[in-house]
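Take a look at the letters that make up each chain.
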There are 2 protein chains.
Amino acid sequence: MRIRQLECFRTLMIHGTMTRAAELLSISQPAISSTIANLEHETGLKLFVRKGGRLQPTPEARLFFVEAERALEAVEKTNRVAKEIRTGKRGHLAIAAYASISINLLPRLMAEFAKERPGLELKIITRNSQSVRELMTTQQFDLAIAELPLDYPTSNMEVISYECQCMVPISHPLADRDVITPADLDGVPFVSLFKGDPIYQQLAMAFSAYGSSWNVVAETEFFSTACELVCSGMGVGIVDPVVSRPFTGNLVLKPFSPAIKYEIALLLPTQEEPSQLAREFAHYLRQHL
Amino acid sequence: MRIRQLECFRTLMIHGTMTRAAELLSISQPAISSTIANLEHETGLKLFVRKGGRLQPTPEARLFFVEAERALEAVEKTNRVAKEIRTGKRGHLAIAAYASISINLLPRLMAEFAKERPGLELKIITRNSQSVRELMTTQQFDLAIAELPLDYPTSNMEVISYECQCMVPISHPLADRDVITPADLDGVPFVSLFKGDPIYQQLAMAFSAYGSSWNVVAETEFFSTACELVCSGMGVGIVDPVVSRPFTGNLVLKPFSPAIKYEIALLLPTQEEPSQLAREFAHYLRQHL
DNA sequence: GCCTCTGTATAAGTTAAATCTATAGGGTGG
DNA sequence: CCACCCTATAGATTTAACTTATACAGAGGC
C-alpha cells in the first residue's frame, strides 16, 4: 500500500468521479484510474462498481475510507512535524550557564530566539562554571556556557574571547581619555573581581608590568556588583562590555591597554551530535557577544 | 515522503546499523543507504551523522522517529483493516426478515456465520414480509428475506423455492407411504396455514384437481404452530422442510404430490451496491435452505 | 434514432524510486 | 599492519506513477 494510492482514493471518495479527482490532484484521469485499480488489486477489496459509466463506492470502500483518512492524516502530520523540526519550531533547547550570563544575557536572547520558533521548549539552569561543565557530560543539556579556564579541557568547545573595558564614573578625570593604561590608574581606587578570577590575575600582571601601584579597594564575585560599586563612586573598575551592558548605563567605558581577555566557552554535547537548534542558538549567541 | 522510507528509518533507528536494518528488511545495504539519504534530502533533516564509519542518530532523528512510528502504525492498521474487511471480520450485517425464518433459522445461521468472523456486527429485525420489503428501500439493511409473492416486484431479488412436505404423526396410517397425494388425504383432518396464504391456495387447487375432499380442521399463521397441532394429533399438515425443522422432530415428513411450492425471496439493496458480506451471507443462506 | 456530452478504461511510452551487484574507502581491534 | 565491519558510490534493472492518445459506454437533447 502506498500513500499516493490512499490520496487518490480519498479524493475520489470525496468528489465522486475520477475526472474530478484527477483535476484536484493535478494529474490525468488515466493516472487515477490505474492507481485505484492497483489499490483494489493490492487490498483485494472491490472499492467501486462501474455502473452506467459512473463509479459507485461499495460498502467496503466506505469502511476502508475511515482508516485511509486516519493513515493519511498521520502521514501528513509527519510531514508537518518534519518541517517544524527543520525550522526549529519543534524541539527543546536546554542550556546550562554560569550566573552572570544566565541572568543578564540569556533570558533576553532566548526569548528573542524563541519568538520566531513557536512550539520550542526552553530550559535554562544556572550553576557555576565548573558545575556547568559537569552537567554537560550528563547529556541532559543541548548547550552550556562556562567561563574559562576550566579545570580540564573539553572537545566540542568553542572559545569566545573579548577584551574588557575600563569603567569610570561619568565625572571622573579619566573619562575623556581614549585609552586607559595601568599608568593612568597608579594608586587610583580600583574595584576588581575576586583574587581567584583570571581577570584579577591578568590585572595584577598588567599593573606589575607597568610598575604601577594597583589600589584594590573592593573585590566582587560578579561584574554587575563591580559596576554598582563604581557607580557609587567607590573607584574605577574593569568589565566585560557585553554581559555587563545593563549595568553600565551611568558609566563611561574606555578601552584598556594591555588587553585584559575575558574568555568564555560554548560547550556542545560530546557523546551525541549537537542538535541543529543548539547550533543555531550558538550561532545566534556568537553574534550577540 | 514514502512509506518505505519511514520503514527503513524506523528499522535503522531501532537496530543502529544499516547493515543490520538491511538484513531485517531483506534488502541490500546500499538500498537502505540511498533510501535514508533520500529521506534526509526530502525532509531537509540531518538524521544521522557518519562518525567513525558508524551512524549516530541526531536529536532531530529522535524527534522525527516519534512521528514516523505513529504514521507507520496508522498505515499498518489500514493494511490490517483492509484484510479484515476482505475476510468479513470487519463490517456489519443488518438483516430484515419475516417472523418464521427470523426466529427459527436466522439466529443459528448468523451465529455460525459470525463465528468465523470475529469483529462482525450483527443486527436482525423481524417484520412481516411487506414491511421487510419496504425497510429494504430505506437503505438501512444489507439483506432482507421476505415470503413471496410481494405486492410489487423488486430488482435485485433472488427467489428461493422449495417443495413443502406432508407431515403426519409417527403412528399415523400414512406414515409408511413414499409419497402422499390429495387422494390419500380425502377427508383426513388437515392443519393448514391461513386462507390468505399462497400455500393455502395451492393446497386448495391440488385437492380440487384430485377431486378429493380437503378437511381443514385448523388454520394457523405459522408453520411452527401447525407442527405443534399435528404433533398433538389434530390431523396432518404440510410444512416447509427447512424453517420448520426444529418442530418436526416427533413427526414423519413425506413428499407431497403435486408439488406445493414455498417461495421466499432474498432482497439485496437496490440503490447501493450490496456489500460483500451480504453476498457471502446470501450464499451461505442459499446453501442451508 | 442519432449525436453530443461526460466519464472510464486501455495502450504505449517516460520518469524516478527502489532495488540489485560490485566495489571502494574508512575505523577499530587483535 | 592486516582483517573485519560498516557505509558510500556507480551502474544497471524493475516497477509505480505519470503522460498523451484513443476507444468505449451511458445519458440526455433534438
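Let me sum up the structure you'll find in this document. Worth saying up front: this structure is predicted, and the values here are computed from it rather than measured.

### Side note on the interface of chain A and chain B
- Listed as interface residues are 38 residues of chain A and, on the opposing side, 38 residues of chain B.
- Summed over both partners, the interface of chain A with chain B comes to about 3200 Å²; 64% of that surface belongs to carbon and sulfur atoms.
- Put simply, chain A and chain B have 2 salt bridges between them.
- Among the ionic pairs, B:Lys77 bridges to A:Glu67, the shortest N-O distance being 3.7 Å.
- In this assembly, chain A and chain B are joined by 6 residue pairs in polar contact (both at pLDDT 80 or more).
- For the side of chain A that touches chain B, the secondary-structure elements that each account for two or more residues are strand E1 (48–51), helix H4 (59–86) and helix H10 (276–287) of chain A.
- Looking at the side of chain A that touches chain B element by element, the count peaks at 18 residues for H4(A).
- Its residues assigned to classes, the side of chain A that touches chain B comprises 16 nonpolar, 11 polar and 11 charged.

### Focus on the sheet that holds strand E5 (residues 143–147) of chain B
Residues and elements named next belong to chain B.
- With respect to topology, 5 strands assemble into an open sheet ordered E4-E3-E5-E12-E6, the strand pairing being mixed. Of all strands in the sheet, those bounded by a partner on one side alone are strand E4 (121–126) and strand E6 (157–163). Neighbour-to-neighbour, the strand axes of this sheet turn through a mean angle of 20°, independent of strand direction.
- Strand direction decides the pairing type here: E6 and strand E12 (residues 261–267), joined by 7 bridges, are antiparallel. Residue pairing in the sheet places Met157 in a bridge with Leu267 of E12.
- In this fold helix H7 (residues 129–137) packs onto strand E3 (92–97), E4, E5 and E12, with an angle of close to 150° to the strand it touches most, E5.

### Structural notes on unusual backbone geometry
All names here are of chain A.
- In this structure, the amide linkage connecting Ser257 to the following residue, Pro258, adopts the cis form with an omega of 5°.
- Relative to the helices and strands, Pro258 is located in the loop between strand E11 (251–255) and strand E12 (261–267).
- For Ser26, which is not glycine, the phi torsion reads 60° and is therefore positive.
- Topologically, Ser26 is positioned in the loop between helix H2 (18–25) and helix H3 (29–43).
- On the accessibility criterion, Ser26 (66% relative accessible area) is exposed.

### Quick notes on the protein's contact with DNA strand C
- Residues in close proximity to DNA strand C total 22 residues, the closest being A:Thr19, A:Arg50, B:Arg2, B:Arg4 and B:Ser28.
- Sugar and phosphate atoms represent 70% of those atoms of DNA strand C found within 4 Å of the protein.
- Interatomic distance of 3.0 Å between a side-chain N/O atom of A:Gln29 and a base nitrogen of DNA strand C.
- One of the side-chain N or O atoms of A:Arg50 is found 2.5 Å from a phosphate oxygen in DNA strand C.

### Examining the sheet that holds strand E3 (residues 92–97) of chain A
Residues and elements named next belong to chain A.
- Spatially, 5 strands are ordered E4-E3-E5-E12-E6 in an open sheet, and the strand pairing comes out mixed. Two strands lie at the open edges of the sheet, namely strand E4 (121–126) and strand E6 (157–163), each paired on one side alone. Across the sheet, the mean angle separating the axes of adjacent strands is 20° when strand polarity is ignored.

### Details of the relation of the copies chain A and chain B
- Taken as rigid bodies, chain A and chain B are interconverted by a rotation of 179° and an axial shift of 0.1 Å, the fit giving an RMSD of 0.3 Å. When the rotation and shift are considered jointly, the pair of chain copies conforms to a two-fold rotation axis.
- The fraction of interface residues of chain A whose copies in chain B are also interface residues reaches 100%, indicating that both copies meet through the same surface.

### Describing the protein's contact with DNA strand D
- Neighbouring residues of DNA strand D: 21 residues in total, closest A:Arg2, A:Arg4, A:Ser28, B:Thr19 and B:Arg50.
- For DNA strand D, the backbone portion of the atoms within 4 Å of the protein, that is sugar and phosphate, comes to 70%.
- Between DNA strand D and B:Arg50, the relevant distance is 2.4 Å, taken from a phosphate oxygen to a side-chain nitrogen or oxygen of the residue.
- Of all the secondary structure elements, the ones that give two or more residues to the surface near DNA strand D are helix H1 (3–15) and H3 of chain A together with helix H2 (18–25), helix H3 (29–43) and strand E2 (54–57) of chain B.
- Element by element, the count of residues in the surface near DNA strand D is highest for H3(A), at 4 residues.
- Split by residue class, the surface near DNA strand D holds 6 nonpolar, 11 polar and 4 charged.

### A few points about the state of the cysteines
- Going through the model one piece at a time under the given rule, you end up with 0 disulfides over all chains.
- No disulfide involves B:Cys227; its nearest neighbouring cysteine sulfur is the one of B:Cys231, lying 7.3 Å away.

Conventions we followed
- Here the residue index of a chain counts from 1 through its sequence in written order.
- Working convention: letters from A go to chains and numbers from 1 go to ligands, in the order in which they are written.
- Two thresholds apply to this predicted model, a pLDDT of at least 70 for residue-level local features and 80 or more for giving and counting side-chain atom pairs, whereas whole-chain, interface and lining totals are computed over all residues.
- Water and hydrogen atoms were dropped before computing side-chain values, which therefore reflect all heavy atoms in the structure.
- Here, two residues are considered to be in contact whenever any of their heavy atoms come within 4.5 Å of each other.
- Buried area: the accessible surface (1.4 Å probe) lost by two parts on joining, summed over both.
- Note on definitions: salt bridges are taken to be side-chain nitrogens of Lys or Arg within 4 Å of carboxyl oxygens of Asp or Glu.
- The term polar contact refers here to a pair of N or O atoms within 3.5 Å; inside protein, the definition further demands a hydrogen-donor-capable atom paired with an acceptor-capable atom, and it admits residues adjacent in sequence only when both atoms are side-chain atoms.
- Helix and strand assignments follow DSSP, with helices taken as H or I runs no shorter than four residues and strands as E runs no shorter than two, numbered in order from the N terminus.
- In the scheme used here, Gly and all other residues not listed as nonpolar or charged are polar, with Ala, Val, Leu, Ile, Met, Phe, Trp, Tyr, Cys and Pro taken as nonpolar and Asp, Glu, Lys and Arg as charged.
- When DSSP locates at least two bridges between a pair of strands, those strands are taken to pair.
- Every axis corresponds to a line fitted to the C-alpha atoms, with the helix fit spanning only the stretch in contact, and the corresponding angles, defined between N-to-C directions, vary from 0 to 180 degrees.
- Burial status follows relative accessibility: with a 1.4 Å probe on protein chains alone, a residue under 20% of its type maximum counts as buried, one over 50% as exposed, and anything between as partly exposed.
- Near, as used in this document, describes a residue that has one of its heavy atoms within 4 Å of the molecule or strand being considered.
- What sets the superposition is a least-squares fit of C-alpha atoms, and only residues with pLDDT of at least 70 in both copies go into it.
- Pairs of cysteine sulfur atoms within 2.5 Å are what we label disulfides.

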